[in-house]
Amino acid sequence: MKKALLLALGLIIILCTACTSLDSETEEAIKDDVYSIYETLRSDWAKAKNVREMEKSITKWAQDNEISCAKLPSDNLLLSEDATDDYKKAPSTLIQCDLSTDHYSSKAQCAAIALAALNNSQQHGNVRILFTASDKSGYYGTEGLSKSQLKADNLISLTYCKKNRLFTGSAASKEYLLSQKIKHVKTSGTISYKAYIGGLEGGDSSDMTRKHGNPIKALGQFMNSCQSSGLAFQVNDFKGGSSSGTYPSFAQMTITVDKNDEKKLLETFDTIKKNFEDSYRDNENSLKISCTKCKTPNTSYSEEDTANIMSFLYTVKDGTFATENDDEDGEAVAVANIGFASEKGKNGFVLGMKGRSINPGIFKKMLRAYKDTADLSDFTIKETGSFPCWPFRDKSELNDSFKVAARQADLDLEEQWTFEENECALFYEKRQDLDMICIGANIQSGQEIAQSLVMYLSSLADE
């Protein structure tokens, strides 16, 4: 009972201290800083060849504003400010941003918000901004951090999101590569068409805000429909997508038939086209679907290999893999995606898949299901990569305090978890005692997010 009263009293103190709104002069200064810093970083980073060149802009900004700046191993950078008066015993805060030449404009948005908050925070405990490096291979900066370099009471990670989000957990992921040897035979048909579905938005397969069509699966359905229609056909080539962790933006295949089956082939494709357009046209403004006559290739996949590819694409689960409490209409807790298909050398065909789950225990079931499907279709499967889980927390002192501060900046944020791989999962592996949140931010709400950070830091005064 006494403990409950103390917790309630603590929350009241947090609410009272964090509810102090900023004056108009400070709000205007934050707004000016967010946009001016963003424009400078975006311009500089457009020309940067690597993370080290990107960091020069941050180092110069720190020097101009008399803020301590230190280079760390693994291309990381740390800005620091000591606690102000009356905040010497306040909890320490580490604000983290990712640096990468990929999507540099998005990175600049988060960096500008963090720097503007630091520059306009007049009352705070020990506060640091950690810039961690990454590239196409992964978050090598975070992986290179020592446990001591993450020494803090609270960690607030900033990541780009189209809509503001408050994440307190993220899913684990596994990558799978499925492969099959391909035997090429002489093409017997005389009429060939290139079937194409493309112009899709694509993007990270963690995005569950809407349904995403999979053109690789759709062309697999096209093959099955041809077979069901009694068409004798050969597949000459098949490819689509670019990586296992993204929704494929295109897929194409060359298919050959006898002249007598040309009309039936086009009719079958028209049905696939109509079904795909009806399902996804509203969300895919650049969608393009075509079946164009082309020169007949000399060789094709063997009948057996074609049947195996067809069978696998028809059977494999793509999209929601498992739901909460196994309820058919429940919230998805595990998803999977066929991200790419391609020929590997002269005698191989590969498919790349990524599974994501908020419950890592589901991966055993996922691998077993995929292996069973692969075995039936003469594919081999192997795990090629993984990313850890950040266990979801719906309540924490940091979470509650930041939400109060955000409301004062007219932001209504509720904690949620994400299927997207999040750096906080890597921080969690190094320091499970860290109280962490991740803010999904963007430049449109940059002022409000920066204000929230300033008010949160000012709420941590010494008792």
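Since we're looking at a predicted model, the values are computed, not measured.

## Focus: the pairing of strand β3 (residues 93-99)
Move 1: In terms of residue burial, β3 counts as a mostly covered element, since seven of its seven residues are buried.
Move 2: Burial along β3 is two-sided: the face carrying T93, I95, C97 and L99 and the face carrying L94, Q96 and D98 are both buried.
Move 3: Across seven bridges, the pairing between β3 and strand β4 (residues 127-133) is parallel. Each bridged residue has a counterpart across the sheet, and for L94 the counterpart in β4 is R128.
Move 4: Crossover β3 to β4 through helix α4 (residues 104-119) is right-handed.
Move 5: The pairing of β3 with strand β5 (residues 154-160) spans five bridges and is parallel. Note that in β5 the partner of L94 across the bridge is L155.

## What about unusual backbone geometry?
Move 1: Positive phi outside glycine occurs at S74, with the angle close to 60°.
Move 2: With respect to the helices and strands, S74 occurs in the loop between β1 (68-72) and β2 (76-81).
Move 3: The class for S74 is partly exposed, based on a relative accessible area of 28%.
Move 4: Phi angles above zero are rare outside glycine, and D378 is one such case at about 60°.
Move 5: Assignment of secondary structure puts D378 in the loop between α9 (362-376) and β17 (380-387).
Move 6: Looking at D378, the relative accessible area reads 48%, which means it is partly exposed.

## Re the packing of aromatic side chains
Any two aromatic rings considered together are summarised by their centre-to-centre distance and by the angle between their planes.
Move 1: Evaluated as defined, the whole model comprises 11 aromatic pairs.
Move 2: Connected via pairs of aromatic rings, a cluster forms that spans F238, Y301, F312, F349 and F379.
Move 3: Sitting above the plane of the F363 ring, K174 keeps its charged end 5.8 Å from the centroid.
Move 4: Its guanidinium or amino end placed over the ring of F321, K317 lies 5.3 Å from that ring's centre, counting from NZ or CZ.

## Some words on the packing of helix α10 (residues 397-408) against helix α12 (residues 446-458)
Move 1: Orientation of α10 relative to α12, taken along the N-to-C sense of each, is 125°, at an axis distance of 8 Å. Considering their axes alone, α10 and α12 lie oblique with respect to each other. The hand of the α10/α12 crossing is right-handed. Between α10, through L398, S401, F402, A405, A406 and Q408, and α12, the contact on the second element is made entirely by S452, L453, M455 and Y456.
Move 2: Across the contact of α10 with α12, the residue classes break down as seven nonpolar, three polar and no charged.

## Overview of the nonpolar core
Generally speaking, soluble globular proteins have nonpolar side chains that are buried together.
Move 1: Ranked by internal contacts, the top residues of the largest apolar core, which has 61 residues, are F222 and F238.
Move 2: Not counting the four nearest positions on each side in its chain, F238 is found in contact with I216, L219, M223, Q252, M253, Y301, L313, A341, S342, E343 and F349.
Move 3: Membership of the second largest hydrophobic core comes to 58 residues, among which are M54, L166, Y456 and L457.

## Points about helix α11 (residues 423-430)
Move 1: Among all positions of α11, only E423, C424, A425, L426 and F427 are buried.
Move 2: One side-chain oxygen at the N-terminal end of α11 lies 2.8 Å from the backbone nitrogen of C424; it belongs to N422.

## Description of the pattern of salt bridges
Move 1: Scanning the entire structure with this criterion turns up 19 salt bridges.
Move 2: The closest approach of N and O atoms between D75 and R52, which form a salt bridge, is 3.1 Å. Note that D75 is positioned in the loop between β1 and β2 and R52 in helix α3 (residues 51-64), a separation of 23 residues in sequence.
Move 3: A salt bridge links R281 to E277, with the shortest nitrogen-to-oxygen separation between them at 3.0 Å.
Move 4: Three or more residues joined by partner-sharing salt bridges are found here, namely K162, E201, R210 and E284.

## Observations regarding the sheet that holds β4
Move 1: The strand order β1-β2-β4-β3-β5-β19-β6-β18 describes an open sheet built from eight strands, whose pairing is mixed. Either end of the sheet is taken by a strand with one partner, and the two such strands are β1 and β18 (415-418). Averaged over all pairs of adjacent strands, the angle between strand axes in this sheet comes to 30°, irrespective of strand direction.
Move 2: Strand direction decides the pairing type here: strand β6 (residues 165-170) and strand β19 (residues 435-441), joined by three bridges, are antiparallel.

## What about a negative patch on the surface?
Move 1: On the surface, E324, D326, D327, E328, D329 and E331 cluster together into a patch of negative charge.
Move 2: With a relative accessible area of 64%, D326 lands in the exposed category.

## Focus: empty space enclosed by the protein
Move 1: Counted under the stated rule, the structure contains one cavity of 30 Å³ or more.
Move 2: Taken as a whole, the largest cavity spans an internal volume of roughly 40 Å³.
Move 3: Residue lining of the largest cavity: T168, R393, S396, N399, D435, M436 and I437, and that is the complete set.
Move 4: Sorting elements by how many residues they give to the lining of the largest cavity places β19 first, with three residues.
Move 5: A breakdown of the residues in the lining of the largest cavity according to their chemical character gives two nonpolar, three polar and two charged.

## Some points on the confidence of the model for the protein
Move 1: For the protein, mean pLDDT is 93; residues scoring 70 or higher make up 95% of the total.
Move 2: The model gives residues 1-19 a pLDDT under 50, and that stretch makes 11 contacts with residues more than four places away or in other chains.

Conventions we followed
- Residues numbered from 1 in each chain as written.
- Predicted model: local features only at pLDDT ≥ 70, side-chain atom pairs only at ≥ 80, totals over all residues.
- Heavy atoms only, no water.
- Buried < 20%, exposed > 50% of the residue type's maximum accessible area, 1.4 Å probe, protein only.
- Helix = DSSP H or I, 4+ residues; strand = E, 2+ residues; numbered from the N terminus.
- Pairing = 2+ DSSP bridges.
- Right-handed = clockwise from strand over helix to strand, strands pointing away.
- Phe/Tyr/Trp six-rings, centres within 6.5 Å; stacked < 30°, edge-to-face > 60°.
- Lys NZ or Arg CZ within 6 Å of the ring centre and 35° of its normal.
- Axes fitted to C-alpha atoms, helices over the stretch in contact; angles between N-to-C directions.
- Parallel < 35°, antiparallel > 145°, perpendicular 65-115°, else oblique.
- Left-handed = near helix turned anticlockwise from the far one by under 90°.
- Contact = heavy atoms within 4.5 Å.
- Nonpolar A, V, L, I, M, F, W, Y, C, P; charged D, E, K, R; others polar.
- Core = buried A, V, L, I, M, F, W, Y, C linked by side-chain atoms within 4.5 Å.
- Polar contact = N/O pair within 3.5 Å; in protein donor to acceptor, adjacent residues only side chain to side chain.
- Salt bridge = Lys/Arg side-chain N within 4 Å of Asp/Glu carboxyl O.
- Patch = residues over 30% accessible without salt bridge, like charges linked within 9 Å, V, L, I, M, F, W, Y side chains within 5 Å.
- Areas by Shrake-Rupley, 256 points an atom, 1.4 Å probe, with all protein chains shown as cover.
- Lys, Arg positive; Asp, Glu negative; His and termini not counted.
- Charge placed at Lys NZ, Arg CZ, Asp CG, Glu CD.
- 1 Å grid on protein atoms, 1.4 Å probe; cavity = no way out; pocket = protein on both sides within 12 Å on 5 of 7 lines; lining within 4 Å.
- Points joined across faces, edges and corners; volume = space filled by probe spheres on them.
- pLDDT = per-residue confidence, 0-100.

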